[in-house]
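Report on the structure
Residue strings, one per chain:
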Amino acid sequence: MSNICGIRFQDKISDWKDAIRQVAQPLLEKGCIQESYIDAMIQNVIENGNYIIIMPGFAMPHARPEFGALGNGMSVLKVKEPVMFPGDQEVTVLVSFSGVNPEEHLEMISKLTDVLMDDELVDKLFSASTESEVLEVIA
Amino acid sequence: MKKKLRARLQAFGGFLTAMVIPNMGAFIAWGFITALFIDTGWLPNKNFAELVAPISKFILPILLGYTGGKLVHGDRGGVIGVMATAGMIVGSDIPMFLGAMIMGPFSAWVLKKFDQLIDGRIPTGFEMVINNFSLGIIGCILTLLSYSLVRPVVVGANDLISSAVQMIVNTGYLPLLPILNEPAKVLFLNNVIDQGIYYPLGMQDALEHGKSLFFMLASNPGPGLGLLLAFTIFGKGSAKETAPGAIIIHFFGGIHEIYFPYVLMKPITLLGMIGGAMSGIITFQFFGAGLVAGPSPGSIFAYLALTPKGKFIGVMAGVLVAAAVSFVINSFFLKVSKAPAESDEFQKQQEASKAMKQEGKDLLQGAMTEKKNDKAEAVKATEISFIVFACDAGLGSSAMGANAFRKRLEKEGITKEVKNFAIEKVPQNADVIVTHESLYDRSLKANPGKRTITIQNFMRDPNLDMLLNEIKESSAGGEK
C-alpha cells in the first residue's frame, strides 16, 4: 500500500488517548495531518464511541478530513500489552489514516479490507513484530 | 453530599464551556467587525458598522441558545432553544446572553421530557408529524413564556444592577463597584453601565476637574488582559488556543466582549476580574488619575489618547496593576480547577461507556427479535436491495464495513448496492442501515423509522452474518 508513513512498536501504553497520539505521530511528521487532526480523532471516540474498533483488537483512529488532514497517509502502531479503549475493549493493533484524495483513500480502504477479511493475513498482522513483517501483510 | 455538589458544579461549568466554545469563532468575527468598523474603530465604515448591533443583539444570543439546546436534546433541542431565545430578545433593549443561556437549555429539556414521555407510543408513519408538531406547540408556548415571564425578570435584574451601581457611586466608595461591574459586563451589560451611568457622571466631573475617574471604572482593559494571559498560559484546549488572538482584539482593539465567553465558561474567574478591577481603581485613585473623556472602545490606545498631560504614569500603573492582579488570581483558579475537571471528564466517559454497553445489550436483543419477525415475513427480506453502512464521517469505519460486506455478498454471487455514508447523509431509499451500537441514538434521530442493525464492530460482527444469511435466503427464494 502506498503512503505508509510509519510502522511503530510499543510494549505498553496505558492510555488509549496516548495510543492514538502515538499512532498519529508518523502522519504528523510526514506532514499528512495537522496537530488538530489528532485531537479530533480523540474527540471522535469521546463523542461517538468506540466504533473505530472495526474488529476485535483492531482500532482505526481517524477523523473527518476537515479537521486537519493535509495528505493521504497511513500509519501502524502495534502494542504488545493490550490498550484499554472506552467500553472495555482491548486493542493491540492501531492503524491511523488521513485522506484528502478520495480515490487514493478508497483504494487504501479497499486493500485494508482485503487484509482484514483474510484470517491468515489477520493472524500474521497480529503476530508481526518487525516492520518488514507488517509491510509484508499490508504493502 | 459535598462531593456531589462539587461534581455538580463542575458538570455545570463543563456545560457552560460546551455552550460557549463552539461559538467562539462568531464572537471573534464580531469582535473584528466591531474593532475595525465602528466610528471610533480602525477603519470606520458606516455600512459595515451596521452589522455590529444586530449581531450582538440577535445572532450571538441565538447561537448560545441553539448550542445550549442542542447539548441537552440534539437537533430538536437546538431548534426549540432558538425559538425560546427569540422570545427573550424581541422587545428588549439589552443583549440577552444570560436569558439565552437559561432558556436555550431549559426549553430543550422540556422537549426532551416530552419526547421521553411519548417514546414508543407513536403509531408508525406518524413520527414526522408528531415530532414536528410537538416541537411546534411546545416551542410556541415556551417562546411566549420567555417573552412575557422570563424576559421581564432579566430586564428587572438589569435595572436592579443599575440602581445598585448608582447607590455605591453615591456612597463614594468606588473600589467596591467592580463587584457589580464585572458580572454585569460579562452578561454584555457593559454599555448599559458605562454609557448609562459612568460616562454621564464622568462628563460632569471632567468639566469641573479636567479629567475623571468615572471614565475608567468599567472600561479598564487591564483585568481582561490578565484573564486572557492566564488562559494563554494555563488554559486548555481551544480556550487556550484562542486566547492570544482575543488579547489583540480586547487590549488593542478595545472590544471587551471578546473575553466575556472565557468568564462565562469558568465563572469562578469573575473573582479574578473583580480583584483586578478593584486594584486598578485603587491604583488610579492613589495616583489621582483620570481620563478626559469616555474611552470607547476601551482599548489601551484610547486610554493613552485620553490621558491628560502628566497623568501617564498613573493611568498606565492602574492598567498594569489590574492586569497583574487579574492574571495571578485567574491563573490560580485555572490551575487548581484543571485536575478535577479532567477526572470529571474521565468519570463521565466511564459512565457513558457503561450506559452504552447496556444499551448495546438491549439493542442486540432487539435486533434478534426483529430478525425472527423478518423470517416469519420473508417478503420483507426480499425488499432489501440497498444497504447502507453509517458512521460519523462515512469515510473510515463504515467504508471498511461496506467494502467488506459487499465483497462477502459478491462471493455469494449476490449483487446488492452497499454504500457507506455519514449518519446524517443516509439516502432516503436505503432499505437497511448498519451502524455501530454507540451511534444508534444518533442514527435513529437522523433516520427515524428506518430498519437499523447495530453492530459492535464493522468487520466481523455476528449481526452482519445474520444479515448476510437473511439476504442469501431471500435471494435464493426470489429465484425460485
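Residues numbered from 1 in each chain as written. Chains lettered and ligands numbered in written order. Predicted model: local features only at pLDDT ≥ 70, side-chain atom pairs only at ≥ 80, totals over all residues. Heavy atoms only, no water.

Here we look at the overall build of chain B
Within chain B, the regular secondary structure consists of 17 helices and 4 strands. Looking at the 480 residues of chain B, the share that counts as buried comes to 48%. Considering only residue pairs separated by 6 or more positions, chain B has 70% of its internal contacts joining residues 24 or more positions apart. With the model as given, the accessible surface of chain B reaches about 22800 Å², and the carbon-plus-sulfur share is 66%. (Helix = DSSP H or I, 4+ residues; strand = E, 2+ residues; numbered from the N terminus. Buried < 20%, exposed > 50% of the residue type's maximum accessible area, 1.4 Å probe, protein only. Contact = heavy atoms within 4.5 Å. Areas by Shrake-Rupley, 256 points an atom, 1.4 Å probe, with all protein chains shown as cover.)

Points about the interface of chain A and chain B
Of the residues lining the interface, 32 residues belong to chain A; the matching set on chain B comes to 28 residues. Our count for the chain A to chain B interface comes out at 3 salt bridges. The salt bridge partner of R460 of chain B is D119 of chain A, with a shortest N-O separation of 2.8 Å. Linking chain A with chain B are 12 residue pairs in polar contact (both at pLDDT 80 or more), by the criterion used here. Elements represented by at least two residues in the side of chain A that touches chain B include exactly α1 (16-29), α2 (35-48), β2 (53-55), α3 (102-117) and α4 (119-127) of chain A. For the side of chain A that touches chain B, the leading source of residues is α3 of chain A, giving 8 residues. The class makeup of the residues in the side of chain A that touches chain B is 17 nonpolar, 9 polar and 6 charged. (Salt bridge = Lys/Arg side-chain N within 4 Å of Asp/Glu carboxyl O. Polar contact = N/O pair within 3.5 Å; in protein donor to acceptor, adjacent residues only side chain to side chain. Nonpolar A, V, L, I, M, F, W, Y, C, P; charged D, E, K, R; others polar.)

Re the pattern of salt bridges
By the definition in use, this model includes 17 salt bridges over all chains. We note a salt bridge from K70 of chain B to D75 of chain B, for which the minimum N-O separation is 3.5 Å. Overall, K70 of chain B belongs to the partly exposed group, its relative accessible area being 38%. Here D75 of chain B falls in the partly exposed class, since its relative accessible area comes to 47%. For R408 of chain B, the salt bridge goes to D465 of chain B, with nearest N and O atoms at 2.5 Å. With R408 of chain B in helix α15 (residues 397-411) and D465 of chain B in helix α17 (residues 462-479), this pair connects stretches of sequence that are 57 residues apart. One network of salt bridges, with partners in common, ties together R64 of chain A together with D392, E424 and R442 of chain B.

Brief notes about helix α5 (residues 131-138) of chain A
Residue and element names in this part refer to chain A. Of the residues making up α5, those classed as buried are V134, V137 and I138. Projected down its long axis, α5 shows its buried positions confined to an angular sector of 80 degrees, all on one face. In α5, the exposed positions that point more than 90 degrees away from the buried face belong to S132 and E136. For α5, the elements touching its buried residues are β1 (4-10), β4 (73-85), α3 and α4. (Arc of directions from axis to C-beta.)

A few points about the sheet that holds β1 of chain A
Residue and element names in this part refer to chain A. Across the sheet, which stays open at both edges, the 5 strands sit in the order β1-β4-β5-β3-β2 with mixed pairing between neighbours. Of all strands in the sheet, those with a lone pairing partner are β1 and β2, marking the two edges. On average, each strand axis in the sheet is inclined to that of its neighbour by 25 degrees, with strand direction left out of account. (Pairing = 2+ DSSP bridges. Axes fitted to C-alpha atoms, helices over the stretch in contact; angles between N-to-C directions.)

Description of the pairing of strand β2 (residues 417-422) of chain B
Residues and elements named next belong to chain B. As paired strands, strand β1 (residues 386-391) and β2 are joined by 6 bridges and run parallel to one another. Note that in β2 the partner of I387 across the bridge is V418. Considered for its hand, the β-α-β crossover made up of β1, α15 and β2 is right-handed. (Right-handed = clockwise from strand over helix to strand, strands pointing away.)

Comments concerning the sheet that holds strand β3 (residues 432-436) of chain B
Residues and elements named next belong to chain B. With parallel pairing, 4 strands are arranged side by side in an open sheet as β2-β1-β3-β4. Single-partner strands in this sheet number two, and they are β2 and β4 (452-455). Strand-to-strand twist across the sheet, computed as the mean angle between neighbouring axes with direction ignored, equals 25 degrees. Bridging between β1 and β3 involves 4 bridges; their strand directions are parallel. Its bridge partner being in β3, F389 is matched across the sheet by V434.

Some details on the nonpolar core
The biggest cluster of nonpolar side chains holds 79 residues, and the ones touching the most others in it are F58, F85, L94 and L116 of chain A together with I387, F389 and F405 of chain B. Setting aside residues no more than four positions away along its own chain, F58 of chain A makes contact with I52, I53, V93, V95, L116, L125 and F126 of chain A. Within the second largest apolar cluster, 77 residues are counted, among which are I249, M265, V315 and A323 of chain B. (Core = buried A, V, L, I, M, F, W, Y, C linked by side-chain atoms within 4.5 Å.)

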